[in-house]
Amino acid sequence: IALPAEYFVEGMEPGVAARVREAVAAMDQAGAIVEEVSLPHTAYGLATYYIIAPAECSSNLARFDGVRFGHSDRSSGEFIDDYLRTRGAGFGPEVKRRIMLGTYALSAGYYDAYYLKAQKVRTLIKSDFDAVWAAGFDAICAPSSPTVAFPLGAKMDDPVAMYLSDACTLPVNMAGLPGVSIPAGLSDGLPVGLQIIGAPWSELSMLSLARGYEAITARATWRDLEPAELQLTDDPNTPSPIERKERLKSASAGGSGGQA
């Protein structure tokens, strides 16, 4: 099993790093051979993804104009107005943001500077993983996220900060590899994910390793624990995520600065 040093990124919560290292140590005690490796282009995975994925988003979602595919708003009776209404109502804020980013990256004058360069970096990221498989490793273990789950709406005003939560999983997407996230304990009362990454077409062995880890930790004390405040979900007075979001909006609009 390979343990990449670059996945323990700056800003990672200490509890997350500790739970992942404990999980790998449990595998080591069960007979696995664990060695640290380097995936030097990991740091570029986030930026590469957020150029390539929005570009694909822009290209693929262009067809959802209400003519043949997707939501259609024909209330105005005018073609251009209907088209704009359809695009405006059919996509949420995050999708619109990614379409605009992708359209920019693919536009004349920026294709070579952004999209083409990102595809070249994607090749370098994949080559890092290829070197690990060539060295004889069966799987890579790493954190699934640098942090535990953040409160609803906490990062809505800063999308980039929210994107940083994907820093540990996006290189796998860029390399086209299979990966799975399984529970590895709690940090600050919330679950920590252990990410297991497999070589191309190795889904069966990757899932077998995940199942093996679950078996050797079946009696771990943290498996009897529940995430913090989980019991509140059984209380009918507990607001739903949508209700909490609306309360946060109301509080912000009223200038109270309070939290729902």
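Relevant structure appears above.
As a starting point, this report considers the structure included with it. Everything numeric in this text was worked out from a predicted model, so none of it was measured. (Residues numbered from 1 in each chain as written. Predicted model: local features only at pLDDT ≥ 70, side-chain atom pairs only at ≥ 80, totals over all residues. Heavy atoms only, no water.)

1. Focus: the overall build of the chain
Moving on, step 1. Summing up its helical and strand segments, the chain has nine helices and five strands in all.
Moving on, step 2. Its helices and strands taken in sequence order, the chain reads β-α-β-α-α-α-α-β-α-α-β-β-α-α from the N to the C terminus.
Moving on, step 3. A principal-axis box enclosing the C-alpha atoms of the chain has dimensions of 70 × 50 × 30 Å.
Moving on, step 4. Classification of the 260 residues of the chain by burial places 35% in the buried group. (Helix = DSSP H or I, 4+ residues; strand = E, 2+ residues; numbered from the N terminus. Buried < 20%, exposed > 50% of the residue type's maximum accessible area, 1.4 Å probe, protein only.)

2. Re the environment of Asp-188
Moving on, step 1. Inspection of the secondary structure puts Asp-188 in the loop between strand S4 (179-187) and strand S5 (190-198).
Moving on, step 2. Sequence-wise, Asp-188 and Tyr-115 are 73 residues apart; in three dimensions their C-alpha atoms are separated by 39 Å.

3. What to know about helix H2 (residues 45-61)
Moving on, step 1. With 17 residues, H2 ought to run about 24 Å at 1.5 Å a step, and its terminal C-alpha atoms sit 23 Å apart, in line with that.
Moving on, step 2. Taken across its 17 residues, H2 has 12 buried, putting it largely inside the fold.
Moving on, step 3. Along H2, the residues that are buried comprise Gly-45, Leu-46, Thr-48, Tyr-49, Tyr-50, Ile-52, Ala-53, Pro-54, Ala-55, Cys-57, Ser-58 and Leu-61.
Moving on, step 4. Structurally, H2 contributes buried residues whose contacts are with helix H3 (79-90), helix H4 (93-106), helix H5 (111-134), helix H6 (159-163) and helix H7 (170-175). (Expected span 1.5 Å × (residues − 1). Contact = heavy atoms within 4.5 Å.)

4. Side note on the packing of H2 against H4
Moving on, step 1. Interaxial distance between H2 and H4 falls to 7 Å at its minimum, and their mutual angle equals 100°. The angle between H2 and H4 places the two elements in the roughly perpendicular class. Packed against H2, whose contacting residues are Tyr-49, Tyr-50, Ile-51, Pro-54, Ala-55, Cys-57, Ser-58 and Leu-61, the element H4 presents Val-95, Arg-98, Ile-99, Leu-101, Gly-102, Thr-103, Ala-105 and Leu-106 at the interface.
Moving on, step 2. The residue makeup of the contact of H2 with H4, split by class, is 12 nonpolar, three polar and one charged. (Axes fitted to C-alpha atoms, helices over the stretch in contact; angles between N-to-C directions. Parallel < 35°, antiparallel > 145°, perpendicular 65-115°, else oblique. Nonpolar A, V, L, I, M, F, W, Y, C, P; charged D, E, K, R; others polar.)

5. A few points about the side chain of Ser-144
Moving on, step 1. Topologically, Ser-144 is positioned in the loop between strand S3 (139-143) and H6.
Moving on, step 2. Taking relative accessible area as the criterion, Ser-144 reaches 13% and is therefore assigned buried.
Moving on, step 3. Side-chain polar atoms of Ser-144 contact the side chain of Ser-181, separated by 2.7 Å.
Moving on, step 4. Within the structure, Ser-144 has its side chain in polar contact with the backbone nitrogen of Gln-195 (distance 3.4 Å).
Moving on, step 5. When neighbours within four sequence positions are excluded, Ser-144 is seen to be in contact with Ser-165, Cys-168, Thr-169, Ser-181, Gly-193, Leu-194 and Gln-195. (Polar contact = N/O pair within 3.5 Å; in protein donor to acceptor, adjacent residues only side chain to side chain.)

6. Here we look at the layout of surface pockets
Moving on, step 1. By volume, the largest pocket amounts to about 950 Å³.
Moving on, step 2. What lines the largest pocket is a set of 28 residues, and nearest its centre among them are Phe-150, Pro-151, Leu-152, Gly-153 and Arg-244.
Moving on, step 3. Listing elements by their share of the lining of the largest pocket, those giving two or more residues are S5 and helix H9 (241-254).
Moving on, step 4. Looking at the lining of the largest pocket, the element that brings in the most residues is H9, giving seven residues.
Moving on, step 5. Here the lining of the largest pocket is composed, by residue class, of 16 nonpolar, five polar and seven charged.
Moving on, step 6. Considering only enclosed or pocket space, the second largest pocket measures out at about 300 Å³ in volume.
Moving on, step 7. Surrounding the second largest pocket, 16 residues form its lining, Val-9, Glu-10, Pro-146, Leu-164 and Ala-167 being those nearest its centre. (1 Å grid on protein atoms, 1.4 Å probe; cavity = no way out; pocket = protein on both sides within 12 Å on 5 of 7 lines; lining within 4 Å. Points joined across faces, edges and corners; volume = space filled by probe spheres on them.)

7. Topic: unusual backbone geometry
Moving on, step 1. Despite not being glycine, Trp-201 shows a phi value in the positive range, around 65°.
Moving on, step 2. Considering the arrangement of structural elements, one finds Trp-201 in the loop between S5 and helix H8 (203-216).
Moving on, step 3. Unusually for a residue other than glycine, Glu-229 sits at a positive phi of about 65°.
Moving on, step 4. For Glu-229, the position within the fold is in the loop between H8 and H9.

8. Details of the packing of aromatic side chains
The geometry of two aromatic rings is summed up by the distance between their centres and the angle between their planes.
Moving on, step 1. Following the criterion strictly, the structure yields six aromatic pairs and no others.
Moving on, step 2. Taking 5.3 Å as the distance between ring centres and 40° as the angle between the ring planes, the aromatic pair formed by Tyr-111 and Tyr-115 counts as tilted. Placement of the pair is Tyr-111 and Tyr-115 together in helix H5, with a separation of four residues, close to one helical turn.
Moving on, step 3. Looking at Tyr-111, the relative accessible area reads 36%, which means it is partly exposed.
Moving on, step 4. Ring pairing ties together the aromatic residues Tyr-49, Tyr-50 and Tyr-163, which thus form one cluster.
Moving on, step 5. Taking NZ or CZ as reference, Arg-21 lies 4.0 Å from the ring centre of Phe-8, over its face. (Phe/Tyr/Trp six-rings, centres within 6.5 Å; stacked < 30°, edge-to-face > 60°. Lys NZ or Arg CZ within 6 Å of the ring centre and 35° of its normal.)

9. Quick word on the nonpolar core
Moving on, step 1. Phe-129, Leu-194 and Ile-196 are the most contacted members of the largest nonpolar core, which totals 51 residues.
Moving on, step 2. What Leu-194 contacts, discounting residues up to four positions off in sequence, is Val-20, Ala-23, Met-27, Cys-141, Ala-142, Ser-144, Val-180, Ser-181, Ile-182, Ala-184 and Tyr-213. (Core = buried A, V, L, I, M, F, W, Y, C linked by side-chain atoms within 4.5 Å.)

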